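# Descriptive analysis of the structure
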Amino acid sequence: MAHLIIAMLLLLSALGLTFDLPLFSYAQVRADDMVAQDYFRHDLGAYPGSYCAKGELMAKSTATVDAEAVMNAWQDSESHAYVLNELRMDRVGIGIARAEDGTTIWVVALARSC
């Protein structure tokens, strides 16, 4: 899955977002937990660090999709595009996990530094 994470990071860095190790760890734990516990919902309560703003993008797919398809779906969604483009986030972490049935969970943790 490293190639998917790298591809997504390249797409997000083009929006001015910088890789953040604590957010990366958080996003991966979130994706792994959603697969292990079979759920799909936002939860910003356990965000690491101290940020002035935070947000989370998620995607769930049963088909094989690449980072560009996921990014296009987020950009085509008014609420997701707002988070990506209007909230001036500057930090990002990415987590991807795949269930045994092939379902893939994508979690992008976003934050704005103070």
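Residues numbered from 1 in each chain as written. Predicted model: local features only at pLDDT ≥ 70, side-chain atom pairs only at ≥ 80, totals over all residues. Heavy atoms only, no water.

## A word on the side chain of Thr103
Note on placement: Thr103 falls in the loop between strand 3 (91–98) and strand 4 (104–112). Judged by its relative accessible area of 10%, Thr103 falls in the buried class. Of note is the side chain of Thr103, whose polar atom sits 2.9 Å from the side chain of Asp101. Those residues in contact with Thr103 that lie beyond four places of it in its chain are Lys60, Ser61, Thr62, Ala97 and Arg98. (Helix = DSSP H or I, 4+ residues; strand = E, 2+ residues; numbered from the N terminus. Buried < 20%, exposed > 50% of the residue type's maximum accessible area, 1.4 Å probe, protein only. Polar contact = N/O pair within 3.5 Å; in protein donor to acceptor, adjacent residues only side chain to side chain. Contact = heavy atoms within 4.5 Å.)

## Concerning helix 4 (residues 78–85)
Regarding helix 4, the residues found buried are Ala81, Val83 and Leu84. Viewed end-on, helix 4 has its buried residues packed into an arc of 160 degrees, placing them on one side of the element. Against helix 1 (2–13), strand 2 (53–61), helix 3 (67–76) and strand 4 lie the buried residues of helix 4. (Arc of directions from axis to C-beta.)

## Brief notes about the pairing of strand 4
Most of strand 4 is tucked away: eight of the nine residues are buried. By the bridge criterion, nine bridges tie strand 2 to strand 4 in an arrangement that is antiparallel. For Ser61, the partnering residue across the bridge sits in strand 4 and is Thr104. Relative to strand 4, strand 3 runs antiparallel, the two being bridged by eight bridges. Counterpart to Gly95 in the pairing with strand 4 is Val107. (Pairing = 2+ DSSP bridges.)

## Describing the packing of aromatic side chains
Enumeration over the complete set of coordinates arrives at two aromatic pairs. Between Phe19 and Phe24, the aromatic rings sit 5.6 Å apart at their centres with planes inclined by 50 degrees, giving tilted as the arrangement. Residue classification places Phe19 among the partly exposed residues on the basis of a relative accessible area of 38%. Exposure remark for Phe24: the relative accessible area of 23% places this residue in the partly exposed category. Judged by centre distance (4.7 Å) and plane angle (55 degrees), the ring pair of Tyr26 and Tyr47 falls under tilted. Taken together, the residues Tyr26 in helix 2 (residues 21–37) and Tyr47 in the loop between helix 2 and strand 2 connect sequence positions 21 residues apart. Of the two residues, Tyr26 and Tyr47, both sit in the buried class. (Phe/Tyr/Trp six-rings, centres within 6.5 Å; stacked < 30°, edge-to-face > 60°.)

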